[in-house]
Amino acid sequence: MEILFKVTGRGTALLSEAQSGERVRLVGPLGRAFSDPPPGENAVIVAGGTGIASVYELAARLAPRTGVSVLLGARTRDALMGHEDFSKLGVRLQVATDDGSEGTTGLVTDLLDAAIDVSPKGRIYVCGPTAMMRRAAEIAGARGRPCVASLENTMACGFGVCLGCATPLREGGFALTCRDGPMFDATQIAWDKLA
Ligand code: FES
């Protein structure tokens, strides 16, 4: 088992100090995983920042299908995670960085329209910053492609008790990201109400 994480607070700081052989307790797996596209469809996977870690297994599983595209985005080349791992999968891989230090300069979502042109039967999978996922959902909607978003949210309990991970829904009300997600049909989400 491998865990890819970034130190952003006390918990991840403690994890970063763990020594080889030390016991670490964890709860999981939690929530719902990505489901594969139906037969005859392929995938366009879009990920940014730490969201890249969430889509690796999906990309590895779908890689044997033809026409799978992966678009990765980060602020800089140094912040780009897993580039080498993805390049070994044999998928169509494109990278965008804000400063142009790797791949094209700009936002990863700028690559999405062209990727849909190449994979018109692609189901869009997206994970990363909210603004990025929202934009990917808009593009997918405009192109008539289904879009699955893996929401990133601050989670305390992870199994539906603390209500700290509520996500607003377009039809009203909330879903719990940890229990009902983190995968959602992007059309379900009230993106304008997400911070
Ligand atoms: S993290 Fe506690 S309800 Fe989702």
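Everything in this summary refers to the structure shown in the same document. Since we're looking at a predicted model, the values are computed, not measured.

**Quick look at the overall build of the protein chain**
A count of helical and extended segments in the protein chain gives six helices and nine strands. Radius of gyration (C-alpha) of the protein chain: 17 Å, near the 16 Å computed for a compact globule of 195 residues. Sequence separation of 24 or more characterises 55% of the internal contacts of the protein chain that already satisfy a separation of 6 or more. Total accessible area computed for the protein chain in this model is approximately 11100 Å², and 51% of it derives from carbon and sulfur atoms.

**Let's talk about the side chain of Ser 150**
Within the secondary structure, Ser 150 sits in strand E6 (residues 147–150). The contacts of Ser 150, once residues within four sequence positions are left out, are Phe 34, Val 126, Cys 127, Met 133, Pro 182 and Met 183.

**Some points on helix H2 (residues 51–62)**
Its twelve residues place the ends of H2 17 Å apart at the C-alpha level, agreeing with the 16 Å of an ideal helix rising 1.5 Å per residue. For H2, the full list of buried residues reads Gly 51, Ile 52, Val 55, Leu 58, Ala 59 and Leu 62. Here the buried residues of H2 occupy an arc of 120° about the axis, which is enough to place them on one side. Structurally, H2 contributes buried residues whose contacts are with strand E1 (42–48), strand E2 (69–74), helix H3 (83–87) and strand E5 (122–127).

**Side note on the sheet that holds E6**
Read across the sheet, seven strands follow the order E4-E3-E2-E1-E5-E6-E9 without closing on themselves; strand pairing throughout is mixed. Taken across any chain shown, the strands that pair with only one partner, and hence form the sheet edges, are strand E4 (104–105) and strand E9 (183–185). Pairing of strand E3 (residues 92–97) with E4 involves two bridges; the strand directions are parallel. Residue Ala 96 lies in a different strand from E4, and its bridge partner there is Thr 104. Contacts from H2 reach E1, E2 and E5 within the one sheet, and its direction differs from that of E1 by about 160°.

**Some thoughts on a nonpolar patch on the surface**
A surface patch of nonpolar side chains, about 700 Å² in accessible area, is lined by Met 1, Ile 3, Phe 5, Val 7, Leu 15, Val 24 and Leu 26. The topology assignment puts Leu 26 in the loop between helix H1 (10–17) and E1. Overall, the relative accessible area of 52% leaves Leu 26 in the exposed class.

Rules used in this analysis
- Residues numbered from 1 in each chain as written.
- Predicted model: local features only at pLDDT ≥ 70, side-chain atom pairs only at ≥ 80, totals over all residues.
- Heavy atoms only, no water.
- Helix = DSSP H or I, 4+ residues; strand = E, 2+ residues; numbered from the N terminus.
- Rg over C-alpha atoms; globule rule 2.2 N^0.38 Å.
- Contact = heavy atoms within 4.5 Å.
- Areas by Shrake-Rupley, 256 points an atom, 1.4 Å probe, with all protein chains shown as cover.
- Expected span 1.5 Å × (residues − 1).
- Buried < 20%, exposed > 50% of the residue type's maximum accessible area, 1.4 Å probe, protein only.
- Arc of directions from axis to C-beta.
- Pairing = 2+ DSSP bridges.
- Axes fitted to C-alpha atoms, helices over the stretch in contact; angles between N-to-C directions.
- Patch = residues over 30% accessible without salt bridge, like charges linked within 9 Å, V, L, I, M, F, W, Y side chains within 5 Å.
- Salt bridge = Lys/Arg side-chain N within 4 Å of Asp/Glu carboxyl O.

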